[in-house]
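# Notes for the structure review
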Amino acid sequence: MTIVHGLDRVPTRTTVAIAGGGPSGTYLALRLAAAGIDSVVLEPRVEIDRLRPRAKTTNARTMSLLAGIGLAERVRETAALPVSYSQDVIFCTSLRGHELRRFHQAFQLIDGDYDLSPECGQQIPQPQVEQVLREAAARSDHITYITGVRASGANPSAMTPSTATLSVAPADDADNGTVELEAKWIIGADGGTSRVRKSLGIAFQGTSAPRPNFNVVFTSARLRDHVSIDPAVQWWIINESTSGMIGELDRDGTWWAILQGCEPIDDPAEVAATIRTMAGVGPDVDIEVLATDSWTARMLLADSYGGRESNGRVFLVGDAAHLNPPWGGHGFNTCISDAENLAWKLIAVHDGWAEEGLLDSYEEERRPVAARMIADAAANGKALAYDFVDPMLDEVGAEGDEVRTRVREALAVKASEFHSEGLVLGYEYAGTSRVAPGPVPFVDAVEYRPQALPGCLLPHFRLSSGTSVYPDARGFTVFVTDDASTYLATEALERTAREHSIPLRVIRLSGTDAEAAREHWGAELVLVRPDLHIAATASAAAESYDVAADGAGTDDASPDAVLAAALLTAVGAAPAGDRSSERSDDSAPRDANHQREAT
Ligand SMILES: Cc1cc2nc3c(=O)[nH]c(=O)nc-3n(C[C@H](O)[C@H](O)[C@H](O)COP(=O)(O)OP(=O)(O)OC[C@H]3O[C@@H](n4cnc5c(N)ncnc54)[C@H](O)[C@@H]3O)c2cc1C
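In this text the structure is predicted, and so the values were computed from the model without any measurement.

Attention now moves to the packing of helix α1 (residues 23-34) against helix α7 (residues 331-350). The geometry of α1 relative to α7 is characterised by a closest axis approach of 9 Å and an angle of 30 degrees between their N-to-C directions. Taken together, the axis directions place α1 and α7 in an arrangement best described as roughly parallel. For α1 against α7, the interelement crossing comes out right-handed. Within the contact between the two elements, α1 uses Pro23, Ser24, Tyr27, Leu28, Arg31 and Leu32 and α7 uses Phe332, Cys335, Ile336, Asp338, Ala339, Glu340, Leu342, Ala343, Leu346 and Ile347. Of the residues assigned to the contact of α1 with α7, the class counts are 12 nonpolar, 1 polar and 3 charged.

See below:
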């Protein structure tokens, strides 16, 4: 399937109708396609606008998720600035002035081995990531990606217990009517002004920042030669006349800048002059303004993610459900994690191995994460470059040194913006309905403490072969860490998975890999969901458990039985033999993908 255009290409029916072909919608379509589920993506934009770079941070978690659909390498190849270009964010008085503070290994940019996740972060403008996603969608037989159309809204009166209807119109509002697209599910991935959200009567709650910001994309052949500060993925400039951020978009003279707290400037010559002042260069440095964009940071969260208003037929994903200020680079990345969370649940329900009710846990798990991301980004937005201005900052001599030392210390507050592993890898779903009960995890925006607790992301490590312990998961995975004297049974768990057609992969780790697993996880059995969050753990130390190779000892308190029960909780599966009536024709159960592996 290639990308098609126009209202007449909209079919009458599909499995999942996705309004919005931005990062959230396209990633979701690709995740569904990998499981063989058809979707139609409806997108107004024919071309992706490269002059509105928006997100530049693809964090370590998103890169790992992109690796899961085979696109991480393509994203890195496409990025003009490899990780080796710079791993720093540098605060300075101008591009030729004093360096004030440096945040090394910002945004999980690690030039070398990264142990906390299979992939480290990558700086790449959002349009290029979108292009990679779009091209992958165009190659998929399961995705119909239609440009030049927009969703007018979901039609609540046309919803049935198993279908929903989306009204679709031409993107340019040309007067050739609307068509109705029926689907098993509708996804509102149509951004901050989401028509799908509005059609369900769901409001955003929150606030806006008091001051606007002004984005500029420009070219300059000579600016690079004038930079005396070290390379950085973001130079934050603290300057009395204009403060903000500057960075290179490529190594060919294309640049971006965000003038913080700046009202829109209409005259390109004035924009160029402002950039020169900020950079600390004279009129001999060429600046050609390509695009400008005024925006105000918004901290908005939808009252609902759609399931309740639509009887489980419509869900909001990404900016349609929440708007984060960009400080910390969590917006786009949170959208991809939303899509990941919803994708495996849609697959599970579609393929018949989970109850429809599993979809309720999407909002239950993801809305608090969005609230946390918004709160943290809002806090970052309270300490922007202009908040650190001091007229003595560029002064030569002891007085200037004293001011710079003071500002350097004050800038410590920005750590959570650039070193936010606690948010990126530490978001968790502990205490929610689909994960086993367990201790409350340690949470912090900056410090990521890998914890093998229910709801947390599986702590990562590399196997003795050098590859990531993360499985190429399409279903659940149970890791079993045997040692020479122990054989841990998983019969009950495997039987439960079989009875409920739940794809389950059993990975037995032995030798040094088992030792490493026990060290990182502190549990011998770890049951992991398709999104690599832990559903439950169990320990062989349970006293009632009589370890035996023949499966003896699988009583109710055995680790095996504990995980079997947790598996059913995780998917909300009804008892075996009582589930055929839940499936419609196009959701027949697939063969459970039971695999046993040992490393
Ligand atoms: C200046 C700026 C800098 C940012 N920097 C970062 C950063 O460093 N890191 C980060 O993680 N995030 C950042 N973000 C946030 C990031 O850009 C968004 O969070 C992200 O684009 C949201 O993805 P999405 O797919 O949910 O929505 P969008 O990207 O808004 O995509 C929605 C899609 O829906 C389409 N659409 C609109 N209306 C309709 C309709 N009626 N029917 C169908 N389709 C429709 C749109 O054309 C669009 O393609 C930044 C944002 C801004 C503004």
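Still more to cover.
Our focus in this paragraph is the site of the ligand. The environment of the ligand is made up of 33 residues, and the closest members are Gly20, Gly22, Gly191, Gly318 and Gly331. Those elements that provide at least two residues to the shell around the ligand are α1, β3 (39-43), β9 (149-154) and α7. A per-element tally of the shell around the ligand places α7 first, with 4 residues. When grouped by side-chain class, the residues that make up the shell around the ligand number 11 nonpolar, 14 polar and 8 charged.

All right, on to unusual backbone geometry then. Here the phi dihedral of glutamine 105 falls at roughly 55 degrees; this positive angle occurs in a residue that is not glycine. With respect to the secondary-structure elements, glutamine 105 resides in the loop between β6 (99-103) and β7 (122-123). Taking the number of C-beta atoms within 10 Å as the measure of exposure, glutamine 105 has 17 and is therefore partly exposed. Here asparagine 311, not a glycine, exhibits a phi torsion of approximately 55 degrees, which is positive. Within the element layout of this structure, asparagine 311 appears in the loop between β18 (298-302) and β19 (314-316). Residue classification places asparagine 311 among the partly exposed residues on the basis of 14 C-beta atoms within 10 Å.

It is worth spelling out the nonpolar core at this point. Counting 178 residues, the largest nonpolar core has Ile18, Leu28, Val317, Leu527, Leu563 and Leu567 as its most contacted members. Examining the composition of this core, we find that 11 residues originate from one element, α7, more than from any other. Those residues within four positions of leucine 527 in sequence are excluded, and the remaining contacts are Phe476, Val478, Ile534, Ala535, Ala536, Leu563, Ala566 and Leu567.

On to helix α14 (residues 559-571). Between the first and last C-alpha of α14 there are 19 Å, a value that for 13 residues agrees with the 18 Å anticipated at 1.5 Å per step. Burial within α14 is extensive, with 10 of its 13 residues counted as buried. As for α14, its buried residues are in contact with α7, β21 (476-481), α12 (491-499), β23 (525-528) and β24 (534-538). Once α14 ends, the next one or two residues include glycine 572, with phi positive near 65 degrees.

So, about the sheet that holds strand β20 (residues 322-323). Strand order across the open sheet formed by 3 strands is β12-β18-β20, with antiparallel pairing between neighbours. Single-partner strands in this sheet number two, and they are β12 (204-208) and β20. In the packing of helix α8 (residues 360-380) onto the sheet, contacts are made with β18 and β20, and the angle to β18 comes to roughly 170 degrees.

Most of strand β11 (residues 179-188) is tucked away: 7 of the 10 residues are buried. Examined bridge by bridge, strand β2 (residues 13-19) and β11 share 6 bridges and lie parallel to one another. Bridge pairing in β11 places threonine 14 opposite alanine 183. When strand β10 (residues 164-170) meets β11, the two strands line up antiparallel, connected through 5 bridges. Bridge pairing in β11 links threonine 165 to glutamate 182. As paired elements, β11 and β19 share 3 bridges and run parallel to each other. Opposite glycine 188, over in β19, you have leucine 316 as the bridge partner.

Close contact between helix α2 (residues 60-68) and α7 brings their axes to 9 Å; oriented N to C, the two are set at 45 degrees. In terms of orientation, α2 lies oblique with respect to α7. For the pair α2 and α7, the sense of crossing is left-handed. Contacts from Arg61, Thr62 and Leu65 in α2 reach Asn333, Ile336, Ser337 and Glu340 in α7. Here the residues of the contact of α2 with α7 sort into 2 nonpolar, 3 polar and 2 charged.

A few words on the pairing of β2. With 5 of its 7 residues buried, β2 lies for the most part within the structure. In this structure, β2 lies alongside β3, joined through 4 bridges in parallel fashion. Paired with alanine 19 across the bridge in β3 is leucine 42.

Quick notes on the rules
Residues numbered from 1 in each chain as written. Predicted model: local features only at pLDDT ≥ 70, side-chain atom pairs only at ≥ 80, totals over all residues. Axes fitted to C-alpha atoms, helices over the stretch in contact; angles between N-to-C directions. Helix = DSSP H or I, 4+ residues; strand = E, 2+ residues; numbered from the N terminus. Parallel < 35°, antiparallel > 145°, perpendicular 65-115°, else oblique. Left-handed = near helix turned anticlockwise from the far one by under 90°. Contact = placed C-beta atoms within 7 Å. Nonpolar A, V, L, I, M, F, W, Y, C, P; charged D, E, K, R; others polar. Near = placed C-beta within 6 Å. Buried ≥ 20, exposed ≤ 12 C-beta atoms within 10 Å, placed from the backbone. Core = buried A, V, L, I, M, F, W, Y, C linked by C-beta atoms within 7 Å. Expected span 1.5 Å × (residues − 1). Pairing = 2+ DSSP bridges.

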